[in-house]
Amino acid sequence: MTTAVDKPRRLMPRWRDYGRPRELVVRYLLLVFVLFITVGPLLWQLLSSLKGPTEDVFGSGASLFPHHPSLRAYRQVFDQVPVWTYIRNSFFVAVISIASQLVFSTMAGYMLSKPGWKGRKLVWVVLMASMMFPFESIMVSLFLSIRDLGLVDNLVGVWLPGFVAAINVLIMRAAFLAVPREIEDAAMLDGAGEWKRFRYLYLPSAYGAILVVTINTFISAWDDFLWPLIVLRTEDHFTLTLGLSRLQSSSFGYDQRLVMAGSVISVIPVLVLFVITQRWFYKGVSSGAVKL
Amino acid sequence: MAQHTLDQAPVPASPGAGALSPGTSPHRPPGRLRRALRSVVPGPTADAGGAALYRRWWLPWLWMAPAIVGTTVFGVFPFLNTLLVSFTDAKPLGGTYNLVGLDNYTRMFGDSDFWLATRNSVLYAVIVVPLMILLPLLLAILVEKNLPGIGFFRSAFYTPVLASSVVVGLSWQWLLSDQGLVNTWLEKAHIIREAIPFLSDSWLILLSAMGLTIWKGLGWYMIFYLAALGNVPKELHEAAAVDGAGSIRRFWHITVPGVRQSMMLVGTLTGIGSLRVFTEIYMLGGSTGGPGGADRTLPFYIRDVGLDPLTGNAGYGAAVSVALFALTLGLTLLAQRLTKEDES
């Protein structure tokens, strides 16, 4: 460790290692330009929600930054709008979706990764077929089913059609297939039964895929709009996206700052999840390609 | 001990399987089907001499059951049911219904609002797909090089993907309103005298919604391309650069062929996605879908005609749903054919 240091390569690269200065400047300028376009609108939303009551949000008198920053809008949105109810409803749908998706897609993905049982082909066909139909082309029929089950205006009705998805089964299957056969053989020789091998060998090896499924499910449940809009009727049952859109179009003419505060609040959970598990978000993108 | 097959292990094999102890079923010699199967799919026990098939044939089905039920009842059945319902005049809230034969379809083909919605959806795909194939690729090239702070930029470009369509829709709604930031700035810069009616002119609403879709999808497909770009050999770029090829020529002759397959995939995915657009129109054009419903897309129209609690006709909505599915299927087949031609 502490032997003669013969000045090896510098650990920190110098700027000129990254390319010609002119090219670098152009690159960073472009990066900042795209940053302005992509994050700008959301950042503006955040800044406007922090503006005090005397500041303009719109019109030529509006400045970009709040001169008298205040959290008034956030206090008011909680006072005047049942935001907690919306949040609770959204979380309810998201959490039971994650639970059911995880349990059922790991089980099915595990069995599908196994050779040696009759009917795998048939199951495969059913899974593939179920992915062929865009949600929008079957939502009429789905609504009729939900109605027949008496689940209109019920959060369970929002959750039910998506309680397990073929795509997640495929993601889990791919992850389980990657577990080396030799390890399973060894576990079997040691007397580990099906359940033990699943629980203590396969599940821990597939934690990456499990995270991807969790993240995908959370985001799609949290951000979903069309299906809750169809199923839910009363404000007590609204999810956050539904509540926000209703807030904006309601005739009460809410202070726009309140709506902005509400949208900022709705992004926070996803943003936190993203910061914690960033790598797996990106993994989820490429696994989405299996969708075809 | 060496003869453990999948369900012969001494420990209860799975929940519910403990009732049968390993000794109760005598070892059966592998049948013809089993041997054939094993030769195709070598399993973990294929070399142990035991049967590769599960002795209790229902065991795998027990594990699969929830997924099979879910995908059948809420994936495959709804489509078949949609076909059936499209021949009826069922109401969204129930009650009696009659078989009406092909009435819904004849009505659909003569319905100018249906054609308008179809036009909007197709136009959406035609404009969004090429931009969605190209722009994220350029973005991916921009963030590909490992520069200081590049991780921050990548994450930042991804944030629109995280926010829900409703939130970004609200944001754009405020930006594009008559008093919004875009109009205010353009007025201040004396580019325009009067506010551009982004949110009241039906064409501008449609174009704004397309912009919103592209803006929200940029980060997602950027990551998608980033993975593909990693597979393009760096040496090709270097060799071409030595030969004096500029960056634009290298883009067309090295990068594009290298990520061609990804481009086809992105094209297919965004094409299908364009036909599914609903929230963008709802947020920018309002719950009517633009002035007089002029900006409604097919999903929007399905919801309007099929699911409205008072005036809705689920039968007609189902017929339009079938049209939407046919369009999606056509697009998928087209994309498959293009991909195949491209490969050969």
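Residues numbered from 1 in each chain as written. Chains lettered and ligands numbered in written order. Predicted model: local features only at pLDDT ≥ 70, side-chain atom pairs only at ≥ 80, totals over all residues. Heavy atoms only, no water.

A. Quick peek at the layout of surface pockets. By volume, the second largest pocket amounts to about 1,400 Å³. What lines the second largest pocket is a set of 32 residues, among which A:Glu23, A:Arg27, B:Ile141, B:Leu142 and B:Ser247 lie closest to the centre. The set of elements that each furnish at least two residues to the lining of the second largest pocket consists of α1 (21-49) of chain A together with α4 (112-144), α8 (202-229), α9 (234-242) and α10 (247-258) of chain B. The dominant element in the lining of the second largest pocket, judged by the number of residues it contributes, is α1(A), at nine residues. In the lining of the second largest pocket, the residues fall into 18 nonpolar, five polar and nine charged. (1 Å grid on protein atoms, 1.4 Å probe; cavity = no way out; pocket = protein on both sides within 12 Å on 5 of 7 lines; lining within 4 Å. Points joined across faces, edges and corners; volume = space filled by probe spheres on them. Helix = DSSP H or I, 4+ residues; strand = E, 2+ residues; numbered from the N terminus. Nonpolar A, V, L, I, M, F, W, Y, C, P; charged D, E, K, R; others polar.)

B. Looking closely at the interface of chain B and chain A. Residue-level contacts link 110 residues of chain B with 103 residues of chain A. Buried area between chain B and chain A, both sides added, is near 9,300 Å², and the carbon and sulfur share of it is 76%. On the chain B side of the interface with chain A, the three residues burying the most area are B:Trp63, B:Phe74 and B:Trp174, jointly 10% of the side's total. If you look at where chain B meets chain A, you find two salt bridges. Linking chain B to chain A there are eleven residue pairs in polar contact (both at pLDDT 80 or more). The greatest single-element share of the side of chain B that touches chain A, amounting to 21 residues, is contributed by helix α2 (residues 58-85) of chain B. Grouping the amino acids of the side of chain B that touches chain A by side-chain chemistry returns 77 nonpolar, 27 polar and six charged. (Contact = heavy atoms within 4.5 Å. Buried area = accessible area lost by both parts, 1.4 Å probe. Salt bridge = Lys/Arg side-chain N within 4 Å of Asp/Glu carboxyl O. Polar contact = N/O pair within 3.5 Å; in protein donor to acceptor, adjacent residues only side chain to side chain.)

C. Broad picture of the side chain of A:Glu136. When you line up the elements, A:Glu136 lands in helix α5 (residues 135-148). The class of A:Glu136 is buried, set by a relative accessible area of 6%. There is a polar contact of 2.7 Å between the side chain of A:Glu136 and the side chain of B:Arg276. Apart from the residues lying within four places of it in its own chain, the contact partners of A:Glu136 are A:Leu226, B:Arg276, B:Pro299, B:Ile302, B:Ser321 and B:Leu324. (Buried < 20%, exposed > 50% of the residue type's maximum accessible area, 1.4 Å probe, protein only.)

D. Expanded view of the packing of aromatic side chains. Summed over the entire model, instances satisfying the criterion amount to 36 aromatic pairs over all chains. Seen from their ring centres, B:Phe109 and B:Trp115 are 6.1 Å apart, and the 35 degrees between their planes marks the pair as tilted. A residue is classified by how much of its surface remains accessible, and B:Phe109, at 53% relative accessible area, is exposed. Through a chain of ring-to-ring contacts, the aromatic side chains of A:Tyr110, A:Phe176, A:Trp195, A:Phe198, A:Tyr202 and B:Trp63 assemble into a single cluster. A cation sits over an aromatic face here: A:Arg199 above A:Tyr200, 4.9 Å from the ring centre. Cation over ring: B:Arg107 sits above B:Tyr316, and NZ or CZ is 3.6 Å from the ring centre. (Phe/Tyr/Trp six-rings, centres within 6.5 Å; stacked < 30°, edge-to-face > 60°. Lys NZ or Arg CZ within 6 Å of the ring centre and 35° of its normal.)

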